[in-house]
Amino acid sequence: MVKIPEMKGMIIRSSKGGKKVLDTYLDTARKYSFTGACVVKEKNFWGILLIKRGLIVAAMAIMDKNKIYGKQAMDKIKEEGEKKSSTIELWAKVNIDEIIENNPKSLLELPDMEKYEREGFSTEELQKKLATTDDIGAVMEEYEDLVRRAKSLIKKLNKIKDSEFKERIRELKSMLRNPYTVEKAEKIAEEIFKSYEKKAKREETTAKEEEIFHILSSYERGKRCPICGELLNENGVCDFCGYGKMGNLIKTMTFKNFILGQSNVFAYNAAIAVAHNPGSLNPLIIHSASGLGKTHLINAIGNAILEKNPDMKIIYISAENLAPSVIKDLWTADVLLIDDFQFIPSDRDLQLALYKLLERKVQEGKQVVIGIDRNPREILNIIDKLVTFLEGGITVTIERPEFETRVTIARRIAEEMGVEVDEDVLEFIAKKFKHNAREIEGAIKRVIAFAKLVNQNPTLDLAKEVLKAPVEEYDVVLSPGKCYVVEEDKPSVSLEFLENVEGKKLCISRMNPRKLMENYDLRDTKILWLTHKSSEDYETVPPALEHLMYEIENFLTENKEESGAVYIDGVEYLISENGFDSFIQFLRSLVDMISVSKFLLIISVSPDTVERRHLRMIEREMDEVLSQ
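Residues numbered from 1 in each chain as written. Predicted model: local features only at pLDDT ≥ 70, side-chain atom pairs only at ≥ 80, totals over all residues. Heavy atoms only, no water.

Quick notes on the overall build of the protein chain
Counting its secondary structure elements, the protein chain contains 23 helices and 18 strands. Burial statistics for the protein chain: of 628 residues in total, 48% are counted as buried. Of the roughly 32900 Å² of accessible surface on the protein chain, 48% is carried by carbon and sulfur atoms. (Helix = DSSP H or I, 4+ residues; strand = E, 2+ residues; numbered from the N terminus. Buried < 20%, exposed > 50% of the residue type's maximum accessible area, 1.4 Å probe, protein only. Areas by Shrake-Rupley, 256 points an atom, 1.4 Å probe, with all protein chains shown as cover.)

Shown next, in the form of structure tokens:
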């Protein structure tokens, strides 16, 4: 008998071998981007396939007392796995890197998948081909050729700036994430190019006529403003928007009227330091979700610098307005403020020109401040040089405002409107709207406007009526050990329920985690993105019911002394991937598990996406059904 090495981890699936049995295991691993190990045992044989995100990365086998590695081992493991006397096991929570480190010969020669994924291309189909081929080189040569064709096509599409073609180009770029669709995409693109050329020829005649009219009707000669297009005066200043002198700054956004709190104090202090000593923190990257004050701080920096140094040329611009002609004018800036960097055009040449400009500005000690709402690597079609530049800057983050700051924001807005609002109303609004200043502003304005309309003071009762939320329409108190299904078109009310649960929370959602965190207060919440897609930034989980149950059991075990909630949406996704019978068995096991815990279960279901009889069966398993 072969001496079997000690394995650390847990067996999540086991069966006897046979023809195609191992292939079924490996197909499942690829389908759900599984990471772990597949072990094959026979009388005088033991073999292990190490799997990362569904792809076999290493193989090792022991025959009698001999060890074999790599492709030879993988072929032998597949051969032994077809024997009915063999045993096949799927292992999770295996330290793959440690096994490879101790057995470096086991490593298979595989391409760097992350490189292609960073460039925005899907590798799912590539991984399937690699897992079933004996000629990896030929598969990779084909894939790289398809990637080159896809990149070339995207570059051509980026040159079309006409909004009429924007949606079709966006869909085509989305299709090109899978390079194996490039042939079909090229045919579609050819039709777009022909339509664009026809329209361009028609517009060329009109443009020439307009140019002649402009020359005949205008006495003025001179440079035009890159912001609004108006003519600059003799001093290079735009009298319409203030470009060149005020740099198109928003004058009302200053440090004096910025509401300071724990959530933004670090970013505020960094902005003050830059305003007092331009170039001291360079480049300064201000990162936050929408509506938290990054635009205010960026303009406050510009206004403060200009107040002390009126001769300085300060330019504030949104990244979506960048164009080659604009970048040429930005070279003259002493202080460059770029907001909403996530909207930078995808033109590679423009991005490269901007990178050279930013690098030179920083080298010269000219202050650069950039506002952005996401990780630079999440920006579609951004070049690596700009990502590196942003990641090398001094990044300060503005978090969601805490309760005291939200009260102050509500009070300030009421004062600006000239209305006295009671403290209990301000606190009610601050408790209810937790995400950003804009929603607080919208809420206080709605309350005041309605109060004026009915000729009343803005009381707490009036505020509750005006700002009545969907959750408050349900007369229900969520209790530990209970299970609730919320029937809604899209997850919203269910997430508000989750938001209001105290304690530890596990959220398994089809929604992108960044959007979840932007729109809901999910502190003390472990978020698992329910997707086949892998992510460098967020923890993901495939729609495999065994895997989900494992994650939920682990969460409840780790927090057995705590209370809280388990949340799941994407029910239709789970049913389509696993079948309804498997899903209802999973749900029954989960309900039983929750019923003896301190946790509660919330499930979001869209009635339009689940068969009526299936929906009724789900409802029968739950303690309470909440319908919109």
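So, next bit.
With respect to the packing of helix α12 (residues 348-363) against helix α13 (residues 384-391)
α13 packs onto α12 with a crossing angle of 30° between their chain directions and a minimal axis gap of 9 Å. Considering the angle they form, α12 stands roughly parallel to α13. Remark: the crossing between α12 and α13 carries left-handed chirality. In contact with Gln351, Leu352, Tyr355, Leu358, Glu359 and Val362 of α12, α13 contributes Lys385, Leu386 and Phe389. Among the residues forming the contact of α12 with α13, the class breakdown is 6 nonpolar, 1 polar and 2 charged. (Axes fitted to C-alpha atoms, helices over the stretch in contact; angles between N-to-C directions. Parallel < 35°, antiparallel > 145°, perpendicular 65-115°, else oblique. Left-handed = near helix turned anticlockwise from the far one by under 90°. Contact = heavy atoms within 4.5 Å. Nonpolar A, V, L, I, M, F, W, Y, C, P; charged D, E, K, R; others polar.)

A look at a nonpolar patch on the surface
A cluster of nonpolar side chains, contributed by Leu260, Val265 and Phe266, occupies part of the molecular surface with about 290 Å² of accessible area. Mapped onto the elements of the fold, Leu260 is located in the loop between α8 (182-217) and α9 (265-276). With a relative accessible area of 44%, Leu260 lands in the partly exposed category. (Patch = residues over 30% accessible without salt bridge, like charges linked within 9 Å, V, L, I, M, F, W, Y side chains within 5 Å. Salt bridge = Lys/Arg side-chain N within 4 Å of Asp/Glu carboxyl O.)

A word on the pattern of salt bridges
Two side chains bearing opposite charge may form a pair once their charged atoms approach each other closely. This model, assessed by the stated rule, comprises 20 salt bridges. For Lys83, the salt bridge is made with Glu80, and the minimal N-O distance between the two is 3.1 Å. Residues Asp334 and Lys366 are paired through a salt bridge, measuring 3.3 Å at the closest nitrogen-oxygen approach. Of the two residues, Asp334 sits in the loop between α11 (324-330) and β9 (335-339) while Lys366 sits in the loop between α12 and β10 (367-372), which places them 32 residues apart along the sequence. When its relative accessible area of 21% is taken as the criterion, Asp334 is described as partly exposed. Look at Lys366 and you get partly exposed, because its relative accessible area is 26%. Several salt bridges share partner residues, and in doing so they unite Lys76, Glu79, Glu80 and Lys83 into one network.

What about a negative patch on the surface?
A grouping of Glu420, Asp422, Asp424 and Glu427 is seen on the molecular surface, where their side chains present a negatively charged patch. Structurally, Asp424 is set in helix α15 (residues 423-432). What makes Asp424 partly exposed here is its relative accessible area of 37%. (Lys, Arg positive; Asp, Glu negative; His and termini not counted. Charge placed at Lys NZ, Arg CZ, Asp CG, Glu CD.)

Here's the deal with the sheet that holds β10
One open sheet holds the 5 strands; their spatial order is β8-β9-β10-β7-β11, and the pairing between them is parallel. Two strands bound the open sheet, and with one partner strand each, they are β8 (314-318) and β11 (394-397). Mean inter-strand twist for the sheet, computed between neighbouring axes without regard to direction, equals 15°. Note that β8 and β9 share 5 bridges and pair parallel. (Pairing = 2+ DSSP bridges.)

Overview of the pairing of strand β3 (residues 45-52)
Within β3, 7 of the 8 residues are buried, leaving the element largely enclosed by the surrounding structure. By the bridge criterion, 7 bridges tie strand β2 (residues 36-42) to β3 in an arrangement that is antiparallel. The residue of β3 that forms the bridge with Cys38 is Leu49. In this sheet, strand β4 (residues 55-63) lies alongside β3 in antiparallel orientation, the contact comprising 8 bridges. In the strand pairing of β4, Lys52 is matched with Leu55. The antiparallel pairing of β3 with β4 creates a hairpin that spans 2 residues between the two strands, and Arg53 there sits at a positive phi of about 50°.

This is a description of form; function is not addressed.
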